[in-house]
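Structure at a glance
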Amino acid sequence: MTRWTTRDIPAQHGRAALVTGTGGLGYEDALALARAGANVVIAGRNPAKGAAAVAAIRQAVPGAQVRFGEVDLASLASVASFAARLAGEQDSLDLLINNAGVMTPPQRRETRDGFELQFGTNYLGHFALTAQLMPLLKKGRDPRVVTVGSIAARRGTIDFDDLQAQRSYRAFHVYAQSKLACLLFAFELNRRSAAGGWGVQSLAAHPGLSRTDLLFNTPGGPTRTIYFLRRVFRLLFQPAAQGALPTLFAATDPNARDGAHYGPDRLAGTRGYPTEEPAPPRALDKAVAVRLWEVSENLAKVRFA
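Basis of the calculations
Residues numbered from 1 in each chain as written. Predicted model: local features only at pLDDT ≥ 70, side-chain atom pairs only at ≥ 80, totals over all residues. Heavy atoms only, no water. Core = buried A, V, L, I, M, F, W, Y, C linked by side-chain atoms within 4.5 Å. Buried < 20%, exposed > 50% of the residue type's maximum accessible area, 1.4 Å probe, protein only. Helix = DSSP H or I, 4+ residues; strand = E, 2+ residues; numbered from the N terminus. Contact = heavy atoms within 4.5 Å. Pairing = 2+ DSSP bridges. Axes fitted to C-alpha atoms, helices over the stretch in contact; angles between N-to-C directions. Left-handed = near helix turned anticlockwise from the far one by under 90°. Nonpolar A, V, L, I, M, F, W, Y, C, P; charged D, E, K, R; others polar. Lys, Arg positive; Asp, Glu negative; His and termini not counted. Salt bridge = Lys/Arg side-chain N within 4 Å of Asp/Glu carboxyl O.

Glancing now at the nonpolar core. Nonpolar side chains in soluble globular proteins tend to end up buried together. The biggest cluster of nonpolar side chains holds 50 residues, and the ones touching the most others in it are Leu18, Tyr123, Leu133 and Phe304. At the level of elements, strand S1 (16-20), strand S2 (39-44), helix H3 (76-89), helix H4 (117-138), helix H5 (171-196) and helix H9 (286-300) are the ones that each hand at least two residues to this core. Every residue in contact with Leu133, bar those within four places of it in the chain, is listed here: Leu18, Ala83, Leu86, Leu93 and Leu96. Ala30, Leu31, Ile97 and Leu203 belong to the second-largest nonpolar core, a separate cluster that totals 36 residues.

As structure tokens, this is what we get:
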């Protein structure tokens, strides 16, 4: 693969896209898609940040088709309400980027539904959102779902005996589990779509190490370890716009392969330009993926039609 950049994004005119997350990678995704001509909804829980993101995109791209959608991924009721509103506003959806998240709060926290915050926001909220937007996606033109993972997923395991970290909470371990769950979901969605004839592509991507607000916008503030690594090794973190490239490639390029996993091409996937890379072996465990899917449907009270 050549050094793919946003200049290589095909024209997106007539395509409807939804990106979760109003800052960092989510903002860069929405900006690039709007610049390519897509009709973009940038979704998040903070209306003020959402309005600022929309204003910045419109300033950078005069005439951009972009609007904010309020959704709190840590609330299943909010996810359901948002999906219902979107279905009332448009007939189809061509692209969904599951991006937003939280990272390593020092103490265990819960979503409004009582799930561990990282598992509930990074993974389960997106699982529920995708399920409830599936009718719109099935009506889309060459629809794709891109779920954003992390290099942390390489360290993840799915602990079905303590999925909500009630017995033992280790911040990074739980974050890694949530991101591994995202990858398992992306690949299982690919398999189920193919088997069921849904016509929806499902891909996964990760940003490597990127300078975003994620490390510092976590409830409770960053752990000492995260703060130290971010400050001391700042030069290892690439700009958010660079980190967004694998997701944008997976979302828009005709050569992006359904069911594949994309990340940066240099320094063990920590920085660089988009490339297809092997997913962590645990993300390819079909038995774990099926079990997690079934557990998640019961927890989120959703079914994929």
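Where a strand is regular, its side chains alternate between the two sheet faces. Neither face of strand S4 (residues 95-98) is open: one carries Leu95 and Ile97, the other Leu96 and Asn98, and all of them are buried. In terms of strand pairing, S1 meets S4 through three bridges, oriented parallel. In the sheet register, Leu18 faces S4, and the bridge partner there is Leu96. For S4 and strand S5 (residues 144-148), the ladder comprises four bridges, and the chain directions are parallel.

Working note: a packed helix pair is described by the angle between its axes plus the distance between those axes. Contact geometry of helix H1 (residues 24-35) with helix H2 (residues 47-60) gives a least axis separation of 10 Å together with a crossing angle of 35°. Considering the relative orientation of H1 and H2, their crossing is right-handed. Contacts from Tyr27, Ala30, Leu31, Ala34 and Arg35 of H1 reach H2 at Ala53, Ala56, Ile57 and Ala60. Split by residue class, the contact of H1 with H2 holds eight nonpolar, no polar and one charged.

Further remarks concern the sheet that holds S4. Strand order in the open sheet formed by eight strands is S3-S2-S1-S4-S5-S6-S9-S10, and the pairing between neighbours is mixed. Looking at strand neighbours, the two that pair on one side only are strand S3 (65-70) and strand S10 (271-276), the edges of this open sheet. Adjacent strand axes in the sheet meet at a mean angle of 20°, parallel and antiparallel pairs treated alike. With five bridges joining them, S5 and strand S6 (residues 201-205) adopt parallel strand pairing. Within S6, the position partnered with Thr147 by the bridge is Ala204. With respect to the sheet, H2 is in contact with S2 and S3, its orientation differing from that of S3 by roughly 175°.

A separate point is the side chain of Asp162. Note that Asp162 resides in the loop between S5 and H5. Look at Asp162: it is buried, it has no salt bridge, and the nearest opposite charge is Arg167 at 4.7 Å. Dropping the residues within four chain positions of it, Asp162 is found in contact with Arg167 and Ser168.

One non-glycine residue, Ala165, lies in positive phi territory at about 50°. Examined against the element boundaries, Ala165 turns out to sit in the loop between S5 and H5. On the accessibility criterion, Ala165 (3% relative accessible area) is buried. Positive phi, normally seen in glycine, also occurs at Leu267, with a value near 50°. Along the polypeptide, Leu267 turns up in the loop between strand S9 (261-266) and S10.

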